[in-house]
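Chain by chain, the residues run as shown.
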Amino acid sequence: MTTLFTILFDGVAYGMLLFVLACGLAVTLGLMNFVNLAHGAFAMTGGYVCAVLVNNSGWPFFAALPLAFVSSALIGVVLERSLYRHLYTRSHLDQVLFTIGLTFMSVASVDYIMGSSRIFIKLPAALEGQFDFFGVGIGRYRLMIIVICGLLTVALQLILAKTRFGSRLRAAVDDPRAASGLGINVPQVFAFTFAFGCGLAGLGGALSAEILGLDPYFPLKFMIYFLIVVTVGGSSSITGPFLASLLLGIGDVAGKYYVPKMGPFVIYTIMIVILIWRPNGLFGRTATR
């Protein structure tokens, strides 16, 4: 039972991390109908910004996290206003080709500037190690990830479902012309949404650097995980990717513990079974446009 609870705890922490990393893609793909395969590049940006500030400049870890969010969000809004907005009405194939090209460009740029070695972020002493809770080893850093990611999940759901901005975003996506006629600044809404999704990716990249490691190939190595989360959960809501992240996180950790030689086989098996059962994802719906 102790082992089972340990796997469950680590799986939840990993799943929460996957959700924060992937929820920006869920927003852009599900709510904006835009396929952004360069999403991992924004996560990598946040991770490197946090690593440089903490490891090289001596910033406190918790002070560097907001900068990781802001830096990725700023780069996101600049690219959205200059490049991405021209592709909103293009086919998904055009969007895929363009964003995958940006991904390879980001990999080459970071490899040239930062080098190809994997780096980790120096954590404060309070987040290192673990403590015993009824016989279950609770990692302090993973517990912090669960708390932060849980709060972000609740805040994101409330913003999209309960606020004026969330209703404007849904209106802008469903019918941009009608939304403009009602006085909604559709380009501004899209730019803010895209920047916010990129910022969440950057924050996720900073939080994941200690667990997943950080190197120039981060966007390529974890792109498939982001896509799995959105595909399995369905891109029409935030609830689906959240539950999919937890399911895949627990399944991946359990698979690596009980059948380590199988590698990522377990997580792909879960994906295939769910998509055979629910082709549009757990909470997906048939696309109308």
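Figured I'd write up the structure that's included with this text. Model, not experiment: these values are computed from the prediction. (Residues numbered from 1 in each chain as written. Predicted model: local features only at pLDDT ≥ 70, side-chain atom pairs only at ≥ 80, totals over all residues. Heavy atoms only, no water.)

**Thoughts on helix α5 (residues 140–162)**
In plain terms, the rule: The numbering of helices and of strands both runs from the N terminus, where a helix is a DSSP run of H or I of at least 4 residues and a strand a run of E of at least 2. One fewer than the residue count of a helix, multiplied by 1.5 Å, yields its expected span. The rule is simple: take the accessible area with a 1.4 Å probe, protein chains only, and divide by the maximum for that residue type; under 20% is buried, over 50% is exposed, in between is partly exposed.
Look at α5: 33 Å from first C-alpha to last across 23 residues, which is about the 33 Å you get at 1.5 Å a residue. Of the residues making up α5, those classed as buried are Tyr-141, Met-144, Ile-145, Ile-146, Cys-149, Gly-150, Thr-153, Leu-156 and Leu-160.

**Here we look at helix α2 (residues 39–56)**
Taking 1.5 Å of rise per residue, 18 residues should cover 26 Å, and α2 covers 26 Å from first to last C-alpha, within 8% of that figure. Of all 18 residues making up α2, 13 are buried, and the element is well covered by its neighbours.

**Observations concerning the environment of Ala-209**
Quick note on the threshold: By definition in these notes, contact holds between two residues if any of their heavy atoms fall within 4.5 Å.
Here Ala-209 shows up in helix α8 (residues 186–212). Given a relative accessible area of 1%, Ala-209 falls into the buried group. Taking the C-alpha atoms as reference points, Ala-209 and Gly-240, separated by 31 residues in sequence, lie 25 Å from one another. Non-local contacts of Ala-209, meaning those with residues more than four positions away in its chain, are made with Ile-119, Phe-120, Ile-121 and Leu-214.

**Section: the packing of helix α10 (residues 239–258) against helix α11 (residues 265–277)**
Angle between the axes and distance between the axes: these two values describe a pair of packed helices. In plain terms, the rule: To obtain each axis, a line is fitted to C-alpha atoms, and for helices this fit is confined to the stretch in contact; angles are then taken between N-to-C directions over 0 to 180 degrees. Roughly parallel means an angle under 35 degrees; roughly antiparallel means over 145; roughly perpendicular covers 65 to 115; every other angle is labelled oblique. Less than a right angle of anticlockwise turn of the near helix away from the far helix marks a crossing as left-handed, whereas a clockwise turn marks it as right-handed. Under the scheme applied, nonpolar residues are Ala, Val, Leu, Ile, Met, Phe, Trp, Tyr, Cys and Pro; charged residues are Asp, Glu, Lys and Arg; polar residues are all the others, including Gly.
Remark: α10 packs on α11, axes separated minimally by 8 Å, with the N-to-C direction vectors making an angle of 140°. When the axis of α10 is compared with that of α11, the two are oblique. The handedness of the crossing between α10 and α11 comes out as right-handed. The segment α10 lies against α11, with Leu-247, Leu-248, Gly-251, Asp-252 and Gly-255 engaging Val-266, Ile-267, Ile-270 and Ile-274. Looking at the contact of α10 with α11, its residues break down into 6 nonpolar, 2 polar and 1 charged.

**Observations concerning the pairing of strand β1 (residues 130–133)**
Defined as follows: Here the rule is simple: two strands pair whenever DSSP picks up at least two bridges between them.
By the bridge criterion, 4 bridges tie β1 to strand β2 (residues 136–139) in an arrangement that is antiparallel. In the strand pairing of β2, Gln-130 is matched with Gly-139. In textbook terms, the turn of a hairpin is the stretch between consecutive antiparallel strands, and for β1 and β2 this stretch comprises 2 residues, one of which, Phe-134, has a positive phi near 55°.

**Regarding the packing of aromatic side chains**
Just so we agree on the cut-off: Any Phe, Tyr or Trp ring, taking Trp's six-membered ring, that has another such ring centre within 6.5 Å forms a pair; planes under 30 degrees apart are called stacked, those over 60 apart edge-to-face, and the others tilted.
Taken as a whole and assessed by the stated rule, the structure comprises 15 aromatic pairs. With a centroid separation of 4.8 Å and an interplanar angle of 45°, the aromatic rings of Phe-218 and Phe-222 are classed as tilted. Here Phe-222 and Phe-218 lie together in helix α9 (residues 218–233), a separation of 4 residues that amounts to about one turn. Taken as a pair, Phe-218 and Phe-222 share a single burial class, namely buried. Each residue in the set Phe-34, Phe-42, Tyr-84, Tyr-88, Phe-98, Phe-190 and Phe-194 is aromatic and connected to the rest through ring pairs, giving one cluster.

**Brief notes about a nonpolar patch on the surface**
What counts here: Each patch is built from residues lacking any salt bridge and having more than 30% relative accessible area; the joining distance is 9 Å for like charges and 5 Å for nonpolar side chains (Val, Leu, Ile, Met, Phe, Trp, Tyr). Calculation of accessible area relied on Shrake-Rupley with a 1.4 Å probe; when residues are assessed, cover is drawn exclusively from the protein chains displayed. Here a salt bridge means any side-chain nitrogen of Lys or Arg lying within 4 Å of a carboxyl oxygen belonging to Asp or Glu.
On the surface, Leu-4, Tyr-257, Tyr-258, Val-259, Met-262 and Phe-265 cluster together into a nonpolar patch covering about 620 Å² of accessible area. Within the secondary structure, Met-262 is located in the loop between α10 and α11. You can call Met-262 partly exposed: its relative accessible area is 41%.

None of this, on its own, says anything about what the molecule does.
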